[in-house]
Amino acid sequence: MSAAVLLKDVFGFDAFRPGQQEIVEAVIAGENTLAIMPTGGGKSLCFQLPALAREGVTVVISPLIALMRDQVRALQSAGVEAGALTSGNTEEETEAVWTGLEAGTLRLLYMAPERLAAGGTMQMLRRVGVTMIAVDEAHCVSQWGHDFRPDYLRIGELRRMLDVPLAAFTATADAETRAEIVQKLFDGAAPSTFLRGFDRPNIHLAFAVKDGPRAQILNFAAARKGQSGIVYCGTRAKTETLARALSEAGHSACNYHGGMEAEDRRIVERRFQQEDGLIVCATVAFGMGIDKPDIRWVAHADLPKSIESYYQEIGRAGRDGAPAETLTLFGPDDIRYRRQQIDEGLAPPERRAADHGRLNALLGLAEALQCRRVNLLSYFGEDPQPCGNCDLCDKPADIFDGTTAVRMALSAALRTDESFGAGHLIDILLGAKTEKIAQRGHDSLPTYGVGKDYDKRQWQAIFRQMMGRDLMRPDRERHGALRMTEDARPILRGEATIQLRRDSIKAAKGSGPKVRQMVSEEDAPLLSALKAKRRFFAEQLGGPAYIVFNDKTLIEMAEKRPVTIDQMAGISGVGAKKLESYGSAFLAVIAGAVEEVHPMRRKLAGRSEGAVYDRLLAVQAELSRGADGAGKPMSLSASTLAKVAQLRTADMAGLTRVIGDKYAERFGDAFLEILQDG
Ligand code: ADP
Ligand code: ZN
């Protein structure tokens, strides 16, 4: 079967994701390949599909048993003969794998690297006719990385012994790791290398300055109730308190950190994988072990440690390609804490300087004045256009010329011998009468009281931005006193100007990012019905929901509403096997919904009121949470909307009589506009 046919028939996809096709072709052609793709880019397909296109068995080396089991289950549910040899197997599972291997029907054999150490494994793989090796998370071979797995070093030996092509996959892009992979897996002979872009266009990016951070996280979660999410926390203690607060607010939430018993951690990983809508408050220890494609949001309750960590952590959201949201909170304390962590670490000086650089890149992103994605991807060497899917594209930053303010602040620091933190410097700039100022005679400084154009909060924001732009750094030898950096010198000398954001404090006080629904209000009930059906099947299988269908597939069903089995087959993610197993059940759900929603609209069919009805419905969906997207969701019944569409006199009084005060307040103006020109 050709690649395109396999793609559609087995995996149910109409098209390759960007970058997949070249990789698939190279792997099918039997080339040694190294593919670097962002998380969620669709790496697994790049070895699963070739495994089916080629003769014989493909052995897949993957570091985590739980993930292997899920992939095997997903393949089996798509009708592919796949199996795993892991310590977690039941006897029957192992038996089935051996039977499949002996009969020559097994196509993919997953195993953990440790298995390669067991006597006889390599010989066994030769005997059963392995024709390709696929290595997932290939960066685990890197001794310098965090995920180093010594047994990955045996893979090179396996390749030499079997003398078959090897395809390696990773999301880790840096050149050192790549070189190490080539060295250890390919004996230094460069494979065909594919480096796919780092954009994850479906992930919405947003940052906010901490301002009542617990409430900020609670609001963010409340706007996404019922959706799976991760809250990354800076400390273990915070994972507990936040999880408790979220539970008290009615969410299903739990916590996770490296200090928990292994067994408890596994339970959380398992629950997260299986349940729909669990929130995990976690330290960064919650990472590699999660392979859930339908994480709908990731929030950072504290600033991550570098731009790379940020990218990796938010990248766990939305791997299925459906919309996902992120929010990263930060404040001056985070900046101080992260700097201190680097300075007090044991790394050699050059390494520390590089770490400060990586932190600076993240702070630059946090304090960005324009599109976050442009900022982020530029760091990774790409040259993108403004994205339209970040907080700064949604609402441009309010920028002012901060040159004078910054020079005042620098001058205050220099004139006090760079011995004080932001609090005291702000007191000087504002001309405050504190004991500390009086004691040290700082009220006679020329900078005393020169900063009265800004209030205290504004000065705090200016200092934070100065730290974020690395114009000032807390000096750990002087209890965090702020020191000017070289970067600030041109501004101080009047050779450079600087723009600052005015609104970051205000924005943080607002409602947080706009609520995004996965589908329009109109399709929402159908989507939940489809999810309920999916849960039913997932429970029967005893596996995670996405093994049945992922969110993106359900969204497409809710929007396109296929009626026939052929239309259902056209939905992305519905392959032949899944069509057979679930097609008619999901069609029935859709048919039910079509019946339910449409009679009102059908009555208006062919009349001008029909078009008016559709426009009312669209506007209602847009305003369902109010103009600012922060209100409680509201919508009118189909029959009320039909009444509105048929209103003869288009004035507020008449409209209010039909829909009532509450609804008139939210929708009145927009409805009248439609009625008046309709
Ligand atoms: P990763 O690169 O992180 O390993 P996966 O292989 O898990 O990513 O794929 C992420 C998601 O993308 C999965 O839900 C998968 O079903 C989906 N996917 C992969 N390829 C395609 C495609 N060509 N079209 C649509 N969805 C795809
Ligand atoms: Zn943008």
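In this report, we go over the structure that sits alongside the text. (Residues numbered from 1 in each chain as written. Chains lettered and ligands numbered in written order. Predicted model: local features only at pLDDT ≥ 70, side-chain atom pairs only at ≥ 80, totals over all residues. Heavy atoms only, no water.)

The subject of this paragraph is the side chain of Gln 216. Tracing the sequence through the fold places Gln 216 in helix H9 (residues 213–222). Within the local environment of Gln 216, its side chain forms a polar contact with the backbone oxygen of Val 209, the two atoms lying 3.0 Å apart. (Helix = DSSP H or I, 4+ residues; strand = E, 2+ residues; numbered from the N terminus. Polar contact = N/O pair within 3.5 Å; in protein donor to acceptor, adjacent residues only side chain to side chain.)

Now for the pairing of strand S5 (residues 130–135). Among the six residues in S5, five count as buried, and that is most of the element. Strand direction decides the pairing type here: strand S2 (residues 57–61) and S5, joined by five bridges, are parallel. Within the sheet, the bridge partner assigned to Val 59 lies in S5 and is Ile 133. As paired elements, S5 and strand S6 (residues 166–170) share three bridges and run parallel to each other. Paired with Ala 134 across the strands is Ala 167, a residue of S6. (Buried < 20%, exposed > 50% of the residue type's maximum accessible area, 1.4 Å probe, protein only. Pairing = 2+ DSSP bridges.)

Moving on, we get to the packing of aromatic side chains. In total, this model carries 17 aromatic pairs according to the counting rule given. Note on Tyr 256 and Phe 286: the rings are 4.6 Å apart at their centroids and 55° apart in plane angle, and the pair reads as tilted. Placement of the pair is Tyr 256 in strand S11 (residues 253–256) and Phe 286 in the loop between strand S12 (279–282) and strand S13 (297–300), with a sequence separation of 30 residues. In this pair, the class of Tyr 256 matches that of Phe 286, namely buried. Aromatic pair Phe 549 and Phe 586: ring centres 5.1 Å apart, planes at 85°, arrangement edge-to-face. (Phe/Tyr/Trp six-rings, centres within 6.5 Å; stacked < 30°, edge-to-face > 60°.)

The next subject is the coordination of the zinc ion (ligand 2). For a metal with four tetrahedral donors the ideal donor-metal-donor angle is 109.5 degrees, while six octahedral donors give ideal angles of 90 or 180 degrees. Ligation of the zinc ion (ligand 2) by protein atoms is provided by Cys 371 (SG), Cys 387 (SG), Cys 390 (SG) and Cys 393 (SG), these donors lying 2.3 to 2.4 Å from the ion. One can describe the site at the zinc ion (ligand 2) as tetrahedral: its four donor atoms subtend angles covering 100 to 120° at the metal. Going along the chain, you hit the donors of the zinc ion (ligand 2) in the pattern C-x15-C-x2-C-x2-C. (Donors = N, O, S within 2.8 Å, 3.2 Å for Na, K, Ca; no water. Tetrahedral: all angles 85-135°; square planar, octahedral: opposite > 155°, others 65-115°.)

When two helices pack together, their arrangement is captured by the angle between the axes and the distance separating the axes. It is the contact of helix H4 (residues 65–77) with helix H11 (residues 262–274), at a shortest axis distance of 12 Å, that shows an interaxial angle of 25°. Judged by the inter-axis angle, H4 sits roughly parallel to H11. In this structure, the crossing between H4 and H11 has a hand that is right-handed. Between H4, through Ala 66, Asp 70 and Arg 73, and H11, the contact on the second element is made entirely by Arg 270, Gln 273 and Gln 274. A class-by-class count of the residues in the contact of H4 with H11 yields one nonpolar, two polar and three charged. (Axes fitted to C-alpha atoms, helices over the stretch in contact; angles between N-to-C directions. Parallel < 35°, antiparallel > 145°, perpendicular 65-115°, else oblique. Left-handed = near helix turned anticlockwise from the far one by under 90°. Contact = heavy atoms within 4.5 Å. Nonpolar A, V, L, I, M, F, W, Y, C, P; charged D, E, K, R; others polar.)

Attention shifts here to empty space enclosed by the protein. Under the criterion given, the structure shown has three cavities of 30 Å³ or more. Every residue along the wall of the second largest cavity is listed here: Phe 198, Asp 199, Arg 200, Ile 203, Leu 205, Tyr 311, Ile 314, Arg 373, Leu 376 and Leu 377. Put simply, the parts of the chain that give the lining of the second largest cavity at least two residues each are helix H12 (307–314) and helix H15 (372–379). Among the elements that take part in the lining of the second largest cavity, H15 stands out by supplying three residues, more than any other. Residues that form the lining of the second largest cavity fall into these classes: seven nonpolar, no polar and three charged. (1 Å grid on protein atoms, 1.4 Å probe; cavity = no way out; pocket = protein on both sides within 12 Å on 5 of 7 lines; lining within 4 Å. Points joined across faces, edges and corners; volume = space filled by probe spheres on them.)

Taken together, 15 residues lie around ligand 1, and Ala 15, Gly 40, Lys 43, Ser 44 and Arg 319 are the ones closest in. Within the backbone of Ala 15, a nitrogen or oxygen atom sits 2.9 Å from a nitrogen atom of ligand 1. Gly 41 is positioned such that a nitrogen or oxygen atom in its backbone is 3.4 Å from an oxygen atom of ligand 1. Protein contacts shield 84% of the accessible area of ligand 1, which totals 570 Å² for the unbound molecule. When the residues that make up the shell around ligand 1 are grouped by side-chain class, the tally is five nonpolar, seven polar and three charged. (Near = heavy atom within 4 Å. Areas by Shrake-Rupley, 256 points an atom, 1.4 Å probe, with all protein chains shown as cover.)

The next thing to look at is the environment of Ala 26. Examined against the element boundaries, Ala 26 turns out to sit in helix H2 (residues 20–28). The class for Ala 26 is buried, based on a relative accessible area of 5%. Ignoring anything within four residues of it in the chain, the contact list for Ala 26 reads Glu 31, Thr 33 and Phe 194.

That is the geometry; function is a separate question.
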